[in-house]
Amino acid sequence: MTTTDTMPAGDDALLSVRDLTVGFGPGGATTVVNGVNLSIGAGEIVGIVGESGSGKSVTVMAMLGHIRAGGVVRSGEVRYRGRDVLCLPPDELRRYRRQTVAAVLQDPMNSLNPVRQIGRQFDETLALAGGRTATQRRERAVELLRLVGIPDPQRQLSAYPHQFSGGMRQRLLIALALANEPEVIVADEPTTALDVTVQAQILALFAELNRRLGTAIVLVSHNVGTVVELCHRVAVMYGGRVVEELPAANVTTGGSHPYTRALVAAIPGLRTERSRLLPVIPGYPPVPGTLPPGCPFTARCDRVTPRCRDERPPTVAEAASLRLECWNPVPAGPGDAGSGAGAGNEPGPTGAPPTRPPVTVRDGAPAIECRALVRHFAAERLFRKRGAGLVRAVDGVDLAVAPGEALGIVGESGSGKSTLARLLVGADRPDSGTVRWQDTDPASLRGAPARAARRSVQMLFQDALGSMDPRATVGDLVAEPMLVHGLEPDAKRRRAAVTELLALVGLDASAADRRPVEFSGGQRQRIAIARALSTRPAVLVCDEPMSALDVSLQAQMVNLFATLRAELGLTYLFISHDLALVRYLADRCAVMYLGELVELGPAAELCERPLHPYTASLVSAAAATDPQDGQVRQRIVLRGDPPSPVAPPSGCRFHTRCPIGPLAHPDRTVCRDQAPRLAEVAPGRLAACHFAGELRLDPGTTETAAVGSTS
Amino acid sequence: MIRFVLRRAATALLVLLLSSVAIFAFIRAIPGDPAALMAGPDASPATVAAMRRQLGLDQPAVRQYWQWLSGVLHGDLGSSYFSHAPVASLVGRGLAASGALALLALLLAVLLGLLLGVAGAVARRGVVRVLLSGINTVSLAVPTYVTGVVLVLLFAIYLPAFPAGGYIPFLSDPADSLDSLVLPALCLALPVSAVLARYLKNSLVEVLGQDYVLAAQLRGVGPARLLLRGALPNALPAAITVLGVQAGQILGGAIVVETLFAWPGLGSSLLQAALNHDYVLIQGLLLLSVGAFVVIQAICDLIQAAVDPRMRKGLT
Amino acid sequence: MTTIEPSPVVPATAPPATGGARGRGRGRGARGYLRRPAVVASLVILLLLVLVAFVGPALTGQDPLNQDSPRLLGPSAAHWLGTDELGRDLFTRAAYGIRVDLLVLVIAVPVALVLGSLLGLVSASSRLLDAPVQRVFDVVLAFPSLILGLALAALLHPGVPAVIVTVIVVDTPIFARVLRTAVRAQRERDYVLAERLLGVGPARLYLRHILPNCLGVLIVQTGLSASMAVFLEGALSFIGLGVRPPQPSLGVLLNASLTYLQTRPLYALGPIAIISALVLCFTALSDALQAHRWGKR
Amino acid sequence: RRPGTSAIGGTTSPKPGGTAVLAQSADIAPTSVLAQNLPNLVLQRLVWNTLTEYDHKTLTPKPSLATDWSWSADRRTLTVNLRSDVTFHSGRPFGPKDVVDAIERQASPPTGLTAGQLKAAAAAVTGVEATGANQVTIHLSHPVTNFFDLFEAMYILDSESISDLVAGTSFVGTGPFRFGSRSPGVSLSLKKNDKYWQSGRPYLDGVEIRVVSQPDAMVSALRSAQIHLASNLPGSTVETLRDNKSLVVTALDTQDACWYVGCNVSIKPLDNKTVRQAVAYGVDRQKVLADALGGIGKVTSIPWSSTSPAYDSAHAGTYSFNPQKAKSLLASAGATGTALHIAVNAGQSVTRGIAEALQYSLQQSGFTVTIDSLQDADFTARLTGAKMPGLWVASHGFGQMSPATLLTGAYPFNSAKNASNFVDPQYATLAGSVFEAASDAAAKSAYSDVTGYLLDQQFVVDMVSSSYTYVTQSLQGIGYTMLDFLNLDDAYVA
Ligand SMILES: Nc1ncnc2c1ncn2[C@@H]1O[C@H](COP(=O)(O)OP(=O)(O)OP(=O)(O)O)[C@@H](O)[C@H]1O
Ligand SMILES: Nc1ncnc2c1ncn2[C@@H]1O[C@H](COP(=O)(O)OP(=O)(O)OP(=O)(O)O)[C@@H](O)[C@H]1O
Ligand SMILES: [Mg+2]
Ligand SMILES: [Mg+2]
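First things first, this report covers the structure right here in the doc. Here the structure is a predicted model, which is why all the values come from computation and not from measurement.

All names here are of chain D. What the six strands build is an open sheet, ordered E15-E19-E14-E18-E16-E17; its pairing is mixed. Of all strands in the sheet, those with a lone pairing partner are strand E15 (298-299) and strand E17 (368-374), marking the two edges. Relative to strand E19 (residues 460-466), E15 is paired through two bridges, and the arrangement is antiparallel. Looking at the pairing, Val299 lines up with Val464 of E19.

Right under this line is the structure:
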């Protein structure tokens, strides 16, 4: 073990953060980034992982020369070509941002100007670099949209941000960052809202940029798998410090820091044991400003030594890691996933996480069901309606969820998952088709009965904060449904019930008096759950409830979902782009493509043996980033442009990208001419494919998978 | 769009009809007698009665209303009691004068409002902030009838750059016409610009804190562009609503300003007609004012929809 | 049903406040608001004005209606602001004028605020009532405020009550309209959908959730309405239909002073300064309240 | 100096050409050209002429369209010879028929025109006939003391264009200026009458009359030399202009504006003469004159101004401000502390000042007074309908000429029906004897009687005999008639 220099990458670094300390609050007293060192060499891809609030965003923002209002740089600098970016005069800073670095911000929903057409926003960015005529800029914009897989780019240039799905907006931001081919791209959670296939595509895009143009990339992510796949080097942040820095390849095999290990262990994979709860890191990340004098991870670490509490560990170079701050590192060795941290919150006698409580799917009328559901969006234009610009967001979906069942919905970004969820809970009205809740048609109800019926079907939003009145306290938010439905008319008992509910989702009673902004992302999501539960619902529809959470929070949430389901007999409809998560949580899984269901079947089986080629591509992508999956797998990267939802392809909608369709087998005209129906292919398994089950994903038989795919 | 215009036009007609009843009843509820006024203070009651008969004021109100309305429907707005000129021609002339004034005032108000609002939102230096809020406060606080007199004193008498009042039709002498517009338009614009600036500043401050502004900034977009193309369009809808509402107040302010500057516009005509109880003329003028307001509201809604695509839902 | 152990999710004893993108300002609540320098300054000025209004006359020992002094005197020890064209003490009249304008403000603006907010909410929440209410407002808003004031003054007899009613009639639709726009913007937000899905009824949704989130525009408009009320009072006095003479009001004083703007500019300065101070205070208070809500400097 | 008009200024020699711009606060009112009405004071003498015009000092009629005239011995027949060289603007020659028509119009106005204040004098005419190419003979039912007042007020209109006049689209007369164009409510422009019967006149090429309703605006326009003449500015405003070197303030020597407090005697306790006398003692005339009227005029207790044959300075000084006296009178009438309303015309800023001064002095005299601001139309309607809430402030004219004109034509004093609801046979008799007095001596004693009666009854409490004003900027040689009509025959722009 040797103590290393604070500047490990030496002076050949393109961009380096040195000893950066940033504080917020009056005088910057609350330290959130505490002496961070990080450097990016030219053409290097560096990943930053860590729990929520560990200072990742603040650090990468500083690389762009930006500190959010209220923040103070207490010491340190960000060096680029010998100059401190944080001290650049405004016009030089602007030049630096135009030519050198580009950023993808963390919040895709709000990072595009809502009143400007996408095309204009691209044009503006492209014009900043100069040297292109208006037509060239337009061509480049189209090219960029195509690059990130936005269907029908010509048309989309005149659309406004609100007309895009969450994942599409995220891709637009990425495209904007690529626009002027910067030297460095700083991407803060660029793939959180993306489904696995698109995510794979974006990662491939990054990789290609890096290869072709030597673009350096800083990738911040919760998703360890993604980081490992793409990056050369990974920095693990905790409590405002980089606690470990290691080559990407070493991350899954186990870092030396207990925190790194715990982080990796918390990720559900495609092979995770479904009968057990996920291992989680106990406790919470430290509150900024109250950092202990020693190692910040002390409170949650199972390898604590007496020094840990009082002395900051020195920065050393270890065998497996480039840089490490730990008094008692985990000895190098292959992934004993459970050994690093608490190996699960409450280690059972065997050291494995507790078993997951059993659940039963009940018989009877479906808790929620829809028939031939259709929702088309018209493009809103002021003066003319160009063409029949109908976006077929949901185009004839049949689905039934039995009481007590958990159904997962996965699918490409923009395939209509959110729209379907909104239709199912009655937030939006279908153009045709019906929704039934426990045999009643909510559309037929008005006024008070409708509100009463609502009680049984609740929704969790992707953006938990946005779904809560910013001015209300948590107590009010949770108590309100009980009040309006008359479930708990007595104020005192209502308060008691609120405390009980908060405890159920693992929150302290004192949380009731605070406002949602004062909580971390995971806590907000729990508040949202508590609120949904306070109506005593039968069905919970969750629209990507985890995508904004870091892995350890995600694991906690997943466990919560699993426990609540057993406890309350809830029916789940669980939308996610994380196949592994869906596999772990759901009984059955539905796959959507371009507004239609293409496959439906038991979750585990579906992941083992997908029937539809699209599902197969999803599974392959998920497997490729599965950090617990030791094998290197072939990944099916879909070819061709994603089709426009305005004019979906004829016949099978997937045929333009299908690895076993007319692209690979020109004789298969049936795919082009005839739309396959969702039919039972095997017992309990439905697929809408003329050649269902043909594409296999066994590790050995990569031959078939190679059709129309690259690695 | 076309459906929107048609629907708005239909409601506008309804509004006009209803407001014509309201205006008719309202105006006549005000105590006073135009006949007495016309006959003069030394007139005998008999003279006044004759005058009433001549003006048709001895008829039942419903009958008077019906006669007026049927006239209006046939395109005849009646004649002023006092000048005997057809209301339509008086309104037309007033419209020309007021239109010029209102347009320039609106332009000035928007420019000044934008300037002050934007400056207020981005000003960092304490001195600048104090100065801006000072200008804003004075524009808000000092009533038009004072600003008018002060402006005239300063720019027409001590520093004779502009005429003290009077209207010169644009066609008769464009340069002089513009000269004569400057002071009244400025006077009218100041309070409106102050209101606009306040709303604008408020929403701008909110918008400037949004992520998309930050995102653009991090792309290296310059401050001017960031403000004008990035933030401003998002802040405009609130300001446009206020401007639309202010449109009515512009007319109200115009009464004072036109009176102060001897400007023969709708405002001063309205005040004179109201004070004289020139019923037919008031009815015509107020009807026009309501009509103009309805149109302005529709235009505001359209502008809002043009600026913010999310507002387009209700339009089609 | 088995009771689950809370252990798997580890109860948060001290949940950290993370990701607070919106920093919190200095202290929350009324206390923090009252500590802002702008607020302190405004309140001090307002207090001074109120003091002048209620204690001032006692200090000078003058009667605002007494006409025994020589006319148009300049400021002196006996007459701090001089005398008017009828020989009345201007300081005392200004003090009484402040009372009148404060009375108008304190009654008319809150009434218009409440009434306008209710109507704005009704209009924004009910598709059925929206068009009628808005069209009625179109008519009222299209009426120049001065003409409304003139008519109301004639109907109710000129005086403070007529001024108050006029301010209410003029301001109510403005409040209603700005609120409606704000409400409609709020309605697009996710939390409204969430509340609705929870089964929250429209009354509760609008009053308890949307309205509090729209307070910003109402605050701004309240500041503006205060200045507009002063203007309207003066404009009505300008055409002789404001408060009942010989009662002083700031508008009356200002009007009377206009004749002497050249010969005795100091005459006008008093009322202008007072009105400006009033308006400045109200706008500063509303600005600070707005900033306070957003946790800014 | 030309007969019949009082000319002011004229220090430099006249210079022909130029257009004079005149401003007045309200639009001209064509329908009241038969009367003396405020908005037409500037207009009428420019377009039309009268038969005779009074000398301002002696009140003797001087020739205008009439060259000479003679009374019969019983003063019931008047023979008038007319000028033969006069044509209307239309080119039609002026003749006796036009005088016949004019007198008939005064007696019974055609539809659309309101009656003039001298209707009673015209009504006494039993016949008018053309007795020669340029002569008319007028027969009266009884002697009429104020007959030349009728001539002073009676503008000779063109009978052929009365309907145009009523519609305000064209004015045809014999005066120095012809109708040019009119924009109702805004302005009227007149052009020089090249065939004016006074040779070499007018000097001006044209006149523009503008409506500027705001006194402050008028002052600004005047000071920035946008207008040449501002008419009837409030006294307090005029007062501030006195020191201005470039402006000339002319207070008309006719003293035709007498400010008074009217009493509606149908409202208690104003039905009591003693209370009304208390009011007369309770008003501070000096203060009204100095503070509200800018010092223009003279305090008085009688309606007659100093040019009137009925004027008597002893009478004029009958009442002066005496709060003690007022209080004791009130006490004797048992009306101490009576609450009174005093109505003012909100449209006139002057009256507001007067009312405030009055309110204070009346309060000191034991009254409790509330001021009611009424809009113009309401005020006038209440005035002519005799429905005032108690006291009111207004001004009346016609004090400067024959008292009969005031008693028969000025509405506050009309013995048959007046704004005060004051009806008394004795008053009617007294007024009649003034009107019909056959000799100067008889007239003289009738004047004295009626003045004494008015001073005793005080249903009209006169306060200040004030004047209209013209404020001019580089306009020389303006004149005006005894009824205040502006005369620009000799005016020129310096
Ligand atoms: N504007 C701000 N005012 C106050 N505190 C802030 C501000 N921005 C960030 N912080 C605090 O700084 C700490 C680090 O924030 P940062 O956004 O860098 O976290 P992160 O690692 O990106 O987390 P996440 O994964 O949730 O995005 C957090 O505790 C956060 O509460
Ligand atoms: N308000 C709208 N107006 C027009 N088009 C819309 C609107 N909302 C959604 N769409 C379109 O409908 C399609 C489906 O959107 P949806 O949000 O349901 O996708 P999703 O499956 O949830 O995607 P993601 O995983 O990216 O969130 C997209 O093509 C989107 O552009
Ligand atoms: Mg972050
Ligand atoms: Mg979605």
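Next up on the list: the packing of aromatic side chains. Using the criterion set out here, one finds 34 aromatic pairs over all chains in the structure. Centroid distance Phe26 of chain B to Phe143 of chain C: 5.6 Å. Interplanar angle 80°. Geometry classified as edge-to-face. Of this pair, Phe26 of chain B sits in helix H1 (residues 2-29) while Phe143 of chain C sits in the loop between helix H4 (127-142) and helix H5 (145-156), on two different chains. Assessed through its relative accessible area of 7%, Phe143 of chain C is described here as buried. Ring centres 6.2 Å apart and planes at 75° place the aromatic pair Tyr81 of chain B and Tyr279 of chain B in the edge-to-face group. One end of the pair, Tyr81 of chain B, is in the loop between helix H4 (61-73) and helix H5 (87-122); the other, Tyr279 of chain B, is in helix H12 (residues 279-307), with 198 residues separating them in the sequence. Residue classification places Tyr81 of chain B among the buried residues on the basis of a relative accessible area of 6%. Feature note: the residues Trp69, Trp71, Phe147, Phe148 and Phe151 of chain D constitute an aromatic cluster, connected by ring pairs.

It is worth spelling out the site of ligand 2 at this point. Residue and element names in this part refer to chain A. If you check the shell around ligand 2, you find 19 residues, and the closest are Gln163, Ser413, Gly414, Ser418 and Thr419. Within the side chain of Ser418, one N or O atom sits 2.6 Å away from an oxygen atom of ligand 2. Protein coverage of the free-state accessible area of ligand 2, which is 640 Å², stands at 89%. Contributing elements (two or more residues each) for the shell around ligand 2: helix H6 (166-178), strand E15 (390-401) and helix H12 (417-425). Residue composition of the shell around ligand 2, by class: six nonpolar, ten polar and three charged.

The volume enclosed by the largest cavity comes to roughly 410 Å³. Together, 30 residues line the largest cavity, and Gln199, Asn223, Gln554, His577 and Asp578 of chain A are the ones closest to its centre. Elements with a contribution of two residues or more to the lining of the largest cavity: helix H7 (196-213), helix H17 (551-568), strand E20 (571-575) and helix H18 (579-585) of chain A. Split by residue class, the lining of the largest cavity holds 14 nonpolar, twelve polar and four charged. Quantified by volume, the second largest cavity comes out at close to 330 Å³. Among the secondary structure elements, those contributing two or more residues to the lining of the second largest cavity are helix H6 (126-141), helix H8 (174-208) and helix H10 (223-260) of chain B together with helix H6 (160-187) and helix H9 (215-238) of chain C.

In this section: the interface of chain B and chain C. One frequent convention defines the size of an interface as the accessible area lost when the parts assemble. With 50 residues of chain B at the contact, the number on the chain C side is 49 residues. In this assembly, chain B packs against chain C so that about 4,700 Å² is buried in total across both faces, 73% of it on carbon and sulfur atoms. Area buried by chain B at its contact with chain C is led by Tyr145, Arg198 and Tyr199 of chain B, which between them contribute 15% of it. At the junction of chain B with chain C, the criterion picks out zero salt bridges. Taken together, the links from chain B to chain C amount to four residue pairs in polar contact (both at pLDDT 80 or more). If you list the elements that add at least two residues to the side of chain B that touches chain C, you get H1, H6, helix H7 (144-158), H8, H10, helix H11 (266-276) and H12 of chain B. In terms of residue count, H10 of chain B provides more of the side of chain B that touches chain C than any other element does, ten residues in total. Classifying every residue of the side of chain B that touches chain C gives 33 nonpolar, eleven polar and six charged.

Definitions and cut-offs
Residues numbered from 1 in each chain as written. Chains lettered and ligands numbered in written order. Predicted model: local features only at pLDDT ≥ 70, side-chain atom pairs only at ≥ 80, totals over all residues. Heavy atoms only, no water. Pairing = 2+ DSSP bridges. Helix = DSSP H or I, 4+ residues; strand = E, 2+ residues; numbered from the N terminus. Phe/Tyr/Trp six-rings, centres within 6.5 Å; stacked < 30°, edge-to-face > 60°. Buried < 20%, exposed > 50% of the residue type's maximum accessible area, 1.4 Å probe, protein only. Near = heavy atom within 4 Å. Polar contact = N/O pair within 3.5 Å; in protein donor to acceptor, adjacent residues only side chain to side chain. Areas by Shrake-Rupley, 256 points an atom, 1.4 Å probe, with all protein chains shown as cover. Nonpolar A, V, L, I, M, F, W, Y, C, P; charged D, E, K, R; others polar. 1 Å grid on protein atoms, 1.4 Å probe; cavity = no way out; pocket = protein on both sides within 12 Å on 5 of 7 lines; lining within 4 Å. Points joined across faces, edges and corners; volume = space filled by probe spheres on them. Contact = heavy atoms within 4.5 Å. Buried area = accessible area lost by both parts, 1.4 Å probe. Salt bridge = Lys/Arg side-chain N within 4 Å of Asp/Glu carboxyl O.

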